[in-house]
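# Remarks on the overall topology
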Amino acid sequence: MTSTACFIIVSRNDIPIYEAEREDAAQLHQFILHAALDIVQDLAWTTSAMFLKAIDKFNDLMVSVYVTAGHTRFMLLHDSRNEDGIKSFFQEVHELYIKILLNPLYLPGSRITSSHFDTKVRALARKCL
Amino acid sequence: MIGAGKIKQYSNILEKPLNKGKQEVSLSAFAFLFSELVQYNQTQVDNIAELERRLEDAGYAVGARVLELLCHRDKGNRRETRLLGILSFVHSTVWKVLFGKVADSLEKGTEHEDEYMISEKDLLVNKFISVPKDMGTFNCGAFVAGIVRGVLDGAGFPAVVTAHFVPMEGLQRPRTTILIKFAEEVLQREARLG
């Protein structure tokens, strides 16, 4: 049984640069994730870890967040409890994100339009989540 | 023969592994590329300040990427949340990866609370460049200042970073100092975090 999941990458200026939905989800999912940004903002300065685990709850959905060194946030909306799977998902996506970032023609903070990146993220989501 | 070595070809950059690979780049190749960068920018601008700004912007792009890459590769995914932490990260890790050695010194400014200085006796980018008298205080270290600013800005410590020549007795060439002046919000947050 697949769990509903919505994954977005938010740049340090609070602009979403990548979105992926598991199914046809309502705008509500993105709204929930954006509302959680404030919590992330404060929490990010209290720890030097990158994986911030579950930081917010909405009905039965949980928001988990992973903050990179450049304060780019990976946010996942999910209803499963598989913390290890989520952590490895974030770490794999982090590697992909760094490879995108290393492209000198990619402007940091702009939208990620690579279809290859999209394919790989979805494949990782199927594998880890 | 160029390209005689067998390197595995990847169809897409996303497939290529992120690990260290070959560490060294030819110094002459870099010096040549950098001199071309400076000369190209010289033709595009009218004044010294604009030239320094362009070099700084070029460095900023490098700094943003270096921060993410090094935190992932060398620091095992730990972020820096404190001022001294990020400064020692720049002084040691970043310098080691970029220039092959840690910076000569890291000092705290005496007059102002928000100023720090990283000094280098012979900065790599200035090694093969001589500045004519009519260009005044222009310093190609602005490129490195841009890198430092990119790293600090990316980590959430906005600062104004500039490069200066400091004449030293006993040394033929002046020492280069990177002056970092942090924004007010950084000091406030540092005070709050205690």
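Residues numbered from 1 in each chain as written. Chains lettered and ligands numbered in written order. Predicted model: local features only at pLDDT ≥ 70, side-chain atom pairs only at ≥ 80, totals over all residues. Heavy atoms only, no water.

Under the annotation held in an unreviewed UniProt entry, chain B carries the name Trafficking protein particle complex subunit and is attributed to Hibiscus syriacus. The record held by UniProt for chain B lists under Sequence similarities (unreviewed entry) the comment "Belongs to the TRAPP small subunits family. BET3 subfamily." Chain B has a UniProt comment under Subunit (unreviewed entry) that states "Part of the multisubunit TRAPP (transport protein particle) complex." (UniProt positions renumbered as here; feature names shortened; annotations may be inferred.)

Turning to the overall build of chain B, a few remarks are in order. Helix and strand counts for chain B stand at five helices and four strands. Reading chain B from its N terminus to its C terminus gives the helix and strand order α-α-α-β-β-α-β-β-α. The C-alpha radius of gyration computed for chain B amounts to 18 Å, which stays within 12% of the reference 16 Å derived for 194 residues, consistent with globular compactness. Buried residues in chain B amount to 41% of all 194 residues. Once local pairs closer than 6 in sequence are excluded, the contacts in chain B between residues at least 24 apart make up 59%. Within the structure as shown, chain B displays about 11,200 Å² of accessible surface, and the carbon and sulfur contribution to it stands at 55%. (Helix = DSSP H or I, 4+ residues; strand = E, 2+ residues; numbered from the N terminus. Rg over C-alpha atoms; globule rule 2.2 N^0.38 Å. Buried < 20%, exposed > 50% of the residue type's maximum accessible area, 1.4 Å probe, protein only. Contact = heavy atoms within 4.5 Å. Areas by Shrake-Rupley, 256 points an atom, 1.4 Å probe, with all protein chains shown as cover.)

Residue and element names in this part refer to chain B. In spatial order, the strands read 1-2-4-3; together these four strands make up an open sheet with antiparallel pairing. Edge positions in the sheet fall to strand 1 (105–108) and strand 3 (159–166), since each of these pairs with one other strand and no more. Neighbouring strand axes in the sheet, compared pairwise and without regard to direction, differ in orientation by 20° on average. Where strand 1 meets strand 2 (residues 115–120), four bridges bridge the pair, whose relative direction is antiparallel. Each residue of the ladder has a partner; that of K108, found in strand 2, is Y116. Set on the sheet, helix 4 (residues 142–154) makes contact with strand 3 and strand 4 (175–182); between it and strand 3 the angle comes to about 155°. (Pairing = 2+ DSSP bridges. Axes fitted to C-alpha atoms, helices over the stretch in contact; angles between N-to-C directions.)

Looking now at the pairing of strand 1 (residues 5–10) of chain A. All names here are of chain A. Taking burial as the measure, the six residues of strand 1 include six buried ones, the bulk of the element. With burial as the criterion, each face of strand 1 is covered, one bearing A5, F7 and I9 and the other bearing C6, I8 and V10. Examined bridge by bridge, strand 1 and strand 5 (residues 73–78) share six bridges and lie antiparallel to one another. The residue of strand 5 that forms the bridge with C6 is L77. In this sheet, strand 2 (residues 16–21) lies alongside strand 1 in antiparallel orientation, the contact comprising five bridges. In the sheet register, F7 faces strand 2, and the bridge partner there is A20.

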